[in-house]
Amino acid sequence: MSRKRLAISVAAALVLALGATACMGDDDDDAAATTTDTAAETTATGGGSGETVKIIASVPPTDHGWLGAISKDAQAAAEKHDDVEFELLQAADADSQAQQIQQAISQKPDVLVVLPQDGAALTPVAQQAERAGIRVVNVDRLFTAPDAATATILGDNYQIGVLAANYIADELKCQGNVVEIQGLAGISVTEDRTKGFTDTIRQKCPDGGLKIVASQPGDFNPDKGLTVMENILQAQSDIDAVYTHDDDMAQGVVQAIRNAGRDDEMFLTGVGGSQDAMQQIKEGGLYRATFLYNPNMAASAVNMARLIGLGEGFAELVPPEVPRQVVVPAAVVTQDNVDEYEQYAFD
Amino acid sequence: MTDTAQTWRGALGRAKALEFQEYALAIVVVLLFIAGAILKPDTFPTWDNIRNMLTQSSVVGVLAIGMTFVIATAGIDLSVGSMVAAAGVFGGIMVGTDGTSSLVFILAAILFATFLGTCNATAIAYGRVVPFIATLAMFSIARGLALLLNDKLPVSLLDLNGGSFGDPRPFSLLWFGVGRIFGIPVSVFVFLAIAILGWVVLNRTRYGRYVIAVGGNREAARIAGVPVRRIIFSVYVLSGFLAGISTVLLCARLGSASPVSGNLYELDAIGAVVIGGTSLAGGRASIVGTFLGVLTFALIFSLMTQLNMSTEIQQVTKGLIVLGAVLLQRPEARY
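Keep in mind that this is a model prediction, so the values were computed, not measured. (Residues numbered from 1 in each chain as written. Chains lettered and ligands numbered in written order. Predicted model: local features only at pLDDT ≥ 70, side-chain atom pairs only at ≥ 80, totals over all residues.)

## Some remarks on the overall build of chain A
Stated formally: Here a helix means four or more residues in a row that DSSP labels H or I, a strand means two or more in a row labelled E, and each is numbered from the N terminus. Neighbour counting defines burial: a residue surrounded by 20 or more other C-beta atoms within 10 Å of its own C-beta is buried, one with 12 or fewer is exposed, and intermediate counts give partly exposed, using backbone-placed C-beta atoms. Two residues qualify as a contact pair if the distance between their C-beta atoms, derived from the backbone, is within 7 Å.
Across its full length, chain A carries eleven helices and twelve strands. Counting across all 347 residues of chain A, residues that qualify as buried make up 51%. Here the contacts in chain A between residues at least 6 apart in sequence split such that 73% fall between residues at least 24 apart.

Pasting the structure below:
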């Protein structure tokens, strides 16, 4: 009996230890992420008025290079200002993000910066914050009600599709077969990137010489990208270009093409602007271009939040108030201009 | 289960049902292949595509063999996909930036996955945690570790092949993904070898009989002198070990180890095992069925991608085929 109990307690301890390491890990991570910059009021330079702005940012789980860069850029932007007291919260999913924001509301920050896991699901809690007098800055994924945010900053997903279509159509002179590896099915980011692409191909090459021969989701995930592309390579004997929705996922697609020994047959484009992608664009070959969807919009979001909190604006604008919506332009990165854009690459 | 005669009749019935199920699933595989050959005559029934489907099967296939043993004991392992991700990233950071030894990666990945499997095994066999809960915890822990180990970033493994893609040396990491022996990919050989070994162990050894016995009636097995706890312990360690092998096969093809890889592989593995006729209630298992189940999924995936069907339709079709495959099979096993 005692042996049994010993075994059980040892096992329990093991499980607990495992749990603890996991938690510790999490804590570590959070600690790194939630470093609070409390600025001494006397040294405040930016505002000049001597007051501090308390900003809390909430982002989805950063299990992806782009989201990781979002967190880092927001943190870095906050550290540049002495008059900003900043806290970053990472949520595990849409539900816990809602709870997290509710808790944040009770801490009464001046401004909330929110990149929602799911815009529609988090709209009510954002409205709640606005009603409680906390300004909300919405990043990238849109809330579904106009009174849920004071300001919004987002990338232009439709434009990314347009740029990719223009680039591929020009390179192929409107003649050839194109494969599209999409992101996660059913979210606006994916739908917009696809719609911009197909609309533009139709307008630009009305004779139908440029055909989208396959279009399948790779879920922003390299191993899904790999297997989907393997199957498409089987089905399509003649591919000229591949438009992928994401640089991380594109690495799996690249690998499928290389494993099949068909890297001379086609070229590929990504979206995002990761270090890896830029490196391969520089080297030349299969990876020909990426379309910038820059995570440093998070830095802009924090700066906007600060100005809103201070009641200031952009001097160049008339009136100077922070605009309701800022759309960050997408840019084409190719071998010709990669040196210029490399500074914005994220890993 | 007190009446011996009845038990025997039940066992015989089960054995017959299992055979029929294997035939039925083989028919599903053949039908899917014929459907592919009719719908895509130029690109589907080719040697190249068969090779492609077998290669794609190998990753989930190896997991499914381990899952068959786990489910045979009336257990479940929800953590295999997360373990694949964690083991890959762990192997990747062990190699480091200047590492050139594939062996380091392979050993590190397999050892780490086996270690995680052993944690599952300890919690379940000695901590008496319900398998569903213990492996659900590991599902979360291993995914967290995968993200934590390299600060959420993927690790490139191309250096293990001198940074190039062409013709990997035998026994280098990439060779397991793209290398071929007699025109057949190495990963397919690995999968087939593990499937055959799994079949022999499950059907032709005392250990295999014990696994089935534990799943069939734990109390009876204990009274008959089967080391129940050790058997249960062993299947989760095995599942972890095979997750390590699966990691090697995946990373070899991908040329990198990503913390988001292996997402929901456990569902494909469990699905393949179940349509293969292994009972979730334990006590009945079929490696041949699992093998055919894995092939069924690969055929469906390949065919639907080739037909460029939208995801919604793919999901509905896959679900219907799984349901159909089970309905077509054993009336007695539906409830």
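## Examining unusual backbone geometry
All names here are of chain A. Look at the link from valine 318 to proline 319: it is a cis peptide, with omega at -15°. Of note in the backbone geometry, aspartate 219 takes a positive phi value of approximately 55° without being a glycine. Topologically, aspartate 219 is positioned in the loop between β7 (210–217) and α7 (222–235).

## A word on helix α10 (residues 297–310) of chain A
All names here are of chain A. Spelled out, the test is: Helix span is expected to be 1.5 Å times the residue number reduced by one.
Helix length check: α10 (14 residues) gives 20 Å between terminal C-alpha atoms against 20 Å at 1.5 Å per residue, within 8%. Taken across its 14 residues, α10 has twelve buried, putting it largely inside the fold. Every buried residue of α10 is accounted for by Met297, Ala298, Ala301, Val302, Asn303, Met304, Ala305, Arg306, Leu307, Ile308, Gly309 and Leu310. Of the residues trailing α10, glycine 311 is marked for its positive phi of about 70°.

## Here's the deal with the interface of chain A and chain B
Formally: Gly falls in the polar group here, along with every residue not listed as nonpolar (Ala, Val, Leu, Ile, Met, Phe, Trp, Tyr, Cys, Pro) or charged (Asp, Glu, Lys, Arg).
Between chain A and chain B, the contact holds 38 residues from the first and 37 residues from the second. When contributions to the side of chain A that touches chain B are tallied by element, the ones reaching two or more residues are α1 (2–33), α2 (65–79), β7, α7 and α8 (247–259) of chain A. Sorting elements by how many residues they give to the side of chain A that touches chain B places α1 of chain A first, with eleven residues. When its residues are assigned to classes, the side of chain A that touches chain B shows 16 nonpolar, 15 polar and seven charged.

## Here we look at the domain arrangement of chain A
All names here are of chain A. Quick note on the threshold: Throughout the structure description, domain borders are defined by an automatic or database domain assignment.
When cut into domains, chain A gives domain 1 (32–149 + 296–327) and domain 2 (157–293 + 332–344). Computed over C-alpha atoms only, the centres of domain 1 and domain 2 are separated by 32 Å. Taken together, the contact pairs four residues of domain 1 with five residues of domain 2. When the residues that make up the side of domain 1 that touches domain 2 are grouped by side-chain class, the tally is one nonpolar, three polar and no charged.

## Section: the nonpolar core
One recurring pattern in soluble globular proteins: nonpolar side chains tend to sit buried together. Basically, it comes down to this: For this analysis, nonpolar core means a set of buried Ala, Val, Leu, Ile, Met, Phe, Trp, Tyr and Cys residues linked through C-beta atoms within 7 Å.
Counting residues in each nonpolar core, the largest one holds 204 residues, and the members touching the most others are Ile55, Val113, Val137, Val253 and Ala301 of chain A together with Ala86 of chain B. The element best represented in this core is helix α10 (residues 228–254) of chain B, accounting for 15 residues. Of the domains in this structure, domain 1 (32–149 + 296–327) and domain 2 (157–293 + 332–344) of chain A are the two that each give at least three residues to this core. Residues within four places of valine 137 of chain A in sequence aside, it is in contact with Val111, Val113, Ala149, Thr150, Ala151, Ile153, Ala301, Met304, Ala305 and Ile308 of chain A.

## What to know about the environment of asparagine 52 of chain B
Along the chain, asparagine 52 of chain B falls in helix α2 (residues 47–72). Along the backbone, asparagine 52 of chain B and valine 188 of chain B are 136 residues apart, and their C-alpha atoms lie at a distance of 9.6 Å. If we ignore the near neighbours within four places in the chain, the residues touching asparagine 52 of chain B are Glu230 and Gln234 of chain A.

## A look at the sheet that holds strand β8 (residues 241–244) of chain A
Residue and element names in this part refer to chain A. Defined as follows: One requirement defines pairing of two strands: DSSP has to find at least two bridges between them. Orientation is described by axes fitted as lines to C-alpha atoms, over the contacting stretch for helices, and by angles from 0 to 180 degrees between their N-to-C directions.
Spatially, six strands are ordered β7-β6-β8-β9-β10-β12 in an open sheet, and the strand pairing comes out mixed. Edge strands, defined here as strands with exactly one partner in the open sheet, are β7 and β12 (332–334). Recorded for the sheet is a direction-independent mean angle of 20° between the axes of neighbouring strands. As paired elements, β8 and strand β9 (residues 267–272) share three bridges and run parallel to each other. Across the sheet, tyrosine 243 pairs through a bridge with threonine 269, a residue of β9.

## Details of the environment of threonine 118 of chain B
Residue and element names in this part refer to chain B. Of note, threonine 118 is situated in helix α4 (residues 102–126). A residue is classified by how many C-beta atoms lie within 10 Å of it, and threonine 118, with 16 of them, is partly exposed. Sequence separation of threonine 118 and isoleucine 275 is 157 residues, and the distance between their C-alpha atoms is 27 Å.

## What about α7 of chain A?
Given 3.6 residues per turn, any residue in an α-helix points the same way as the ones three and four places further on. Here α7 of chain A contains 14 residues, and its C-alpha end-to-end distance of 20 Å stays within 8% of the 20 Å for a straight helix at 1.5 Å per residue. Within α7 of chain A, 14 of the 14 residues are buried, which leaves the element mostly enclosed by the surrounding structure.

## Considerations on the sheet that holds strand β2 (residues 84–90) of chain A
Remark on secondary structure: sheet strands pair via backbone hydrogen bonds, oriented parallel or antiparallel. All names here are of chain A. With parallel pairing, the six strands of this open sheet are ordered in space as β2-β1-β3-β4-β5-β11. Of all the strands in the sheet, the pair left with one neighbour each is β2 and β11 (325–328). When the angles between neighbouring strand axes are averaged without regard to direction, this sheet yields 15°. One ladder, built from four bridges, connects strand β5 (residues 151–155) with β11; its direction is parallel.

## As for the packing of helix α11 (residues 265–275) of chain B against helix α12 (residues 287–306) of chain B
Packed helices, taken two at a time, are described by their axes: the angle between them and the distance between them. All names here are of chain B. Keep this limit in mind: Between 65 and 115 degrees an angle is taken as roughly perpendicular, under 35 as roughly parallel, over 145 as roughly antiparallel, and anywhere else as oblique. Left-handed describes a crossing whose near helix is turned anticlockwise from the far helix by less than a right angle; the clockwise case is right-handed.
Packing of α11 against α12 brings their axes to within 7 Å, and their N-to-C directions diverge by 125°. By the angle between their axes, α11 is oblique relative to α12. Here α11 and α12 pass one another in a crossing that is right-handed. Note on element contacts: α12 touches α11 through Thr290, Gly293, Val294, Thr296 and Phe297, opposite Asp268, Gly271, Ala272, Val273 and Ile275. Here the residues of the contact of α11 with α12 are counted per class, giving five nonpolar, four polar and one charged.

## Comments concerning the packing of helix α7 (residues 186–204) of chain B against α10 of chain B
Residues and elements named next belong to chain B. Where α7 contacts α10, the axes come no closer than 11 Å and their chain directions differ by 165°. Classified by the angle their axes make, α7 and α10 are roughly antiparallel. The chirality of how α7 crosses α10 is left-handed. Each of Ser187, Val190 and Ile194 in α7 lies in contact with α10, whose residues at this interface are Leu242, Ile245, Leu249 and Ala252. By residue class, the composition of the contact of α7 with α10 is six nonpolar, one polar and no charged.

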